[in-house]
Structure formats: structure tokens, C-alpha cells
Amino acid sequence: VSKWNYRNKVFLLQAEILSHEGKIDEAEAAYGAAITAARASKFIHEQGLACEYAAFHCKRNDKFDHAVNFFHQAKLCYNEWGCS
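In this report, we go over the structure that sits alongside the text. (Residues numbered from 1 in each chain as written. Predicted model: local features only at pLDDT ≥ 70, side-chain atom pairs only at ≥ 80, totals over all residues. Heavy atoms only, no water.)

**Structural notes on helix α2 (residues 24-40)**
Now for step 1: Taking 1.5 Å as the rise per residue, α2 with 17 residues should run 24 Å; its terminal C-alpha atoms sit 24 Å apart, in good agreement.
Now for step 2: Residues of α2 that are buried include every one of Ala 27, Ala 30, Tyr 31, Ala 34, Ile 35, Ala 37 and Ala 38, and no others. The buried residues of α2 all sit within an arc of 165° when viewed along its axis, so they share a single face. Exposed and facing more than 90 degrees away from the buried side of α2 are Asp 25, Ala 29 and Ala 40.
Now for step 3: Packed against the buried residues of α2 are α1 (3-20), α3 (44-60) and α4 (64-81). (Helix = DSSP H or I, 4+ residues; strand = E, 2+ residues; numbered from the N terminus. Expected span 1.5 Å × (residues − 1). Buried < 20%, exposed > 50% of the residue type's maximum accessible area, 1.4 Å probe, protein only. Arc of directions from axis to C-beta. Contact = heavy atoms within 4.5 Å.)

**What to know about the packing of α1 against α3**
Now for step 1: With their axes 11 Å apart at the nearest point, α1 and α3 run at an angle of 10° to one another. Judged by the angle between their axes, α1 and α3 are roughly parallel. Every residue of α3 that contacts α1 at Asn 8, Lys 9, Leu 12, Glu 16, Ser 19 and His 20 is listed here: Glu 46, Leu 49, Ala 50, Tyr 53, His 57 and Arg 60.
Now for step 2: Class assignment for the residues of the contact of α1 with α3 results in four nonpolar, four polar and four charged. (Axes fitted to C-alpha atoms, helices over the stretch in contact; angles between N-to-C directions. Parallel < 35°, antiparallel > 145°, perpendicular 65-115°, else oblique. Nonpolar A, V, L, I, M, F, W, Y, C, P; charged D, E, K, R; others polar.)

**Points about unusual backbone geometry**
Now for step 1: Residues other than glycine seldom take positive phi values, yet Lys 42 does so here, at roughly 65°.
Now for step 2: Locating Lys 42 in the fold gives a position in the loop between α2 and α3.
Now for step 3: Residue Lys 42 is classed as exposed on the basis of its relative accessible area, which comes to 71%.
Now for step 4: A positive phi is found at Asp 62, a non-glycine position, where the angle reads about 60°.
Now for step 5: Mapped onto the fold, Asp 62 is located in the loop between α3 and α4.

**Describing the environment of Ile 35**
Now for step 1: Topologically, Ile 35 is positioned in helix α2.
Now for step 2: Judged by its relative accessible area of 5%, Ile 35 is buried.
Now for step 3: Sequence separation of Ile 35 and Leu 49 is 14 residues, and the distance between their C-alpha atoms is 8.6 Å.
Now for step 4: Those residues in contact with Ile 35 that lie beyond four places of it in its chain are Gln 47, Ala 50, Cys 51, Ala 54 and Phe 70.

In C-alpha cells form, the structure reads like this:
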């Protein structure tokens, strides 16, 4: 099993669990790790997904400027992947 193939997914799952447990700072670090790992593995669609979930996390925690930035990043990733 290759770590580059699933590492970003593990980070994203950890981020979601931490977010819903109210561990905001830890969740944000895990979202960042998921985004970075997806980018490093060239999984642009999963990078977009991690950005999207990070945006929802920020929105839930009243960090609206951060949410807008993450939603924008997600849109760029999805566009690069071929979505319209």
C-alpha cells in the first residue's frame, strides 16, 4: 500500500472528526495537511474536496473570510479538474 495514495484521505477524515468534536485549531491543521497531501499527490479533485470541507468548517466557526478563500480554492481545483 502506497502512502501517497491515501494520506490526504486520512488527513481529511481526521479533520472532519476534529471539526465536529469542536477541536478547531487541530481540525484546521488537519485540513491543511489534507490539502497539501492531495496537491503533492496531484489529486486535484481531492484537493478541491479538502478545500470545500475546510470552507464549511470555517463557515461553521464564523471564519467567513477564510471560508470564502477556501471555497474559491475549491472552485479553482474543480475547474482545473475539468468541472464547469
